[in-house]
Amino acid sequence: MVLRDLDGGWRIAGHLNGGYLAAVCGQVASEALGGAAPLTISAHYLAAIPEGGPVEVGVEVLRERRLSTARIRLVSGEQALLVEALVTVGRPRSHDAGVAHD
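All of the points below concern the structure found in this document. (Residues numbered from 1 in each chain as written. Predicted model: local features only at pLDDT ≥ 70, side-chain atom pairs only at ≥ 80, totals over all residues. Heavy atoms only, no water.)

## Concerning the overall build of the chain
Step number 1: Across its full length, the chain holds one helix and seven strands.
Step number 2: When the helices and strands of the chain are read in sequence order from the N terminus, they spell out β-β-β-α-β-β-β-β.
Step number 3: For the chain, the C-alpha radius of gyration of 16 Å lies well beyond 13 Å, the compact-globule estimate for 102 residues.
Step number 4: Considering only C-alpha atoms, the chain reaches an extent of 55 × 25 × 20 Å along its principal axes.
Step number 5: Burial statistics for the chain: of 102 residues in total, 30% are counted as buried.
Step number 6: Counting contacts in the chain only where the partners sit at least 6 residues apart, residues at least 24 apart contribute 59% of the total.
Step number 7: One way to put it: in the chain the 9 positive side-chain charges average out to a point 9 Å from where the 11 negative ones average out. (Helix = DSSP H or I, 4+ residues; strand = E, 2+ residues; numbered from the N terminus. Rg over C-alpha atoms; globule rule 2.2 N^0.38 Å. Buried < 20%, exposed > 50% of the residue type's maximum accessible area, 1.4 Å probe, protein only. Contact = heavy atoms within 4.5 Å. Lys, Arg positive; Asp, Glu negative; His and termini not counted. Charge placed at Lys NZ, Arg CZ, Asp CG, Glu CD.)

## Side note on the environment of Leu-46
Step number 1: Tracing the backbone shows Leu-46 in the loop between β4 (37-45) and β5 (53-63).
Step number 2: Between the C-alpha atoms of Leu-46 and Leu-81, which are 35 residues apart in sequence, the distance is 6.7 Å.
Step number 3: Other than its neighbours up to four places away in sequence, Leu-46 contacts Leu-81, Leu-82 and Glu-84.

## Notes on unusual backbone geometry
Step number 1: The residue Ala-13 is not glycine, and still its phi comes out positive at about 55 degrees.
Step number 2: The topology assignment puts Ala-13 in the loop between β2 (11-12) and β3 (15-16).
Step number 3: With relative accessibility at 75%, the residue Ala-13 sits in the exposed group.
Step number 4: Non-glycine residue Gln-79 carries a positive phi angle of around 70 degrees.
Step number 5: If you trace the backbone, Gln-79 turns up in the loop between β6 (67-75) and β7 (81-90).

## Overview of the environment of Ser-30
Step number 1: With respect to the element layout, Ser-30 can be found in helix α1 (residues 18-32).
Step number 2: Look past the residues within four positions of Ser-30 in its chain and what remains in contact with it is Gly-35, Ala-36, Pro-38 and Val-89.

## Structural notes on the nonpolar core
Step number 1: One finds Leu-6, Leu-21 and Ile-72 to be the most contacted residues of the largest nonpolar core, which totals 21 residues.
Step number 2: For this core, the secondary structure elements donating two or more residues are α1, β5, β6 and β7.
Step number 3: With six residues, α1 is the largest single contributor of residues to this core.
Step number 4: Apart from the residues within four sequence positions on either side, Leu-21 is in contact with Leu-6, Leu-16, Tyr-45, Ile-49, Leu-74 and Val-83. (Core = buried A, V, L, I, M, F, W, Y, C linked by side-chain atoms within 4.5 Å.)

Below, the structure written as structure tokens:
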């Protein structure tokens, strides 16, 4: 696990915004899988995160191909699981020379 600092400016109704947390998971997956762009993120928010600061981030690569998938876990300092996400990232398919494209 590595430490990641969450930005406390992304709060709504006293807790960190879920979209922001999903974006953090997408960025972590992209970094772990060679910079490929996040395509889908399925996140489960298991506990509210009231403010920014450091969290431990676990990355488990489940599949590594043109479309790759990683499980991302954000864990508090007390080892409580805060967010668990599955992120699929991908790279464009290389086009063959001489093939017409619309």
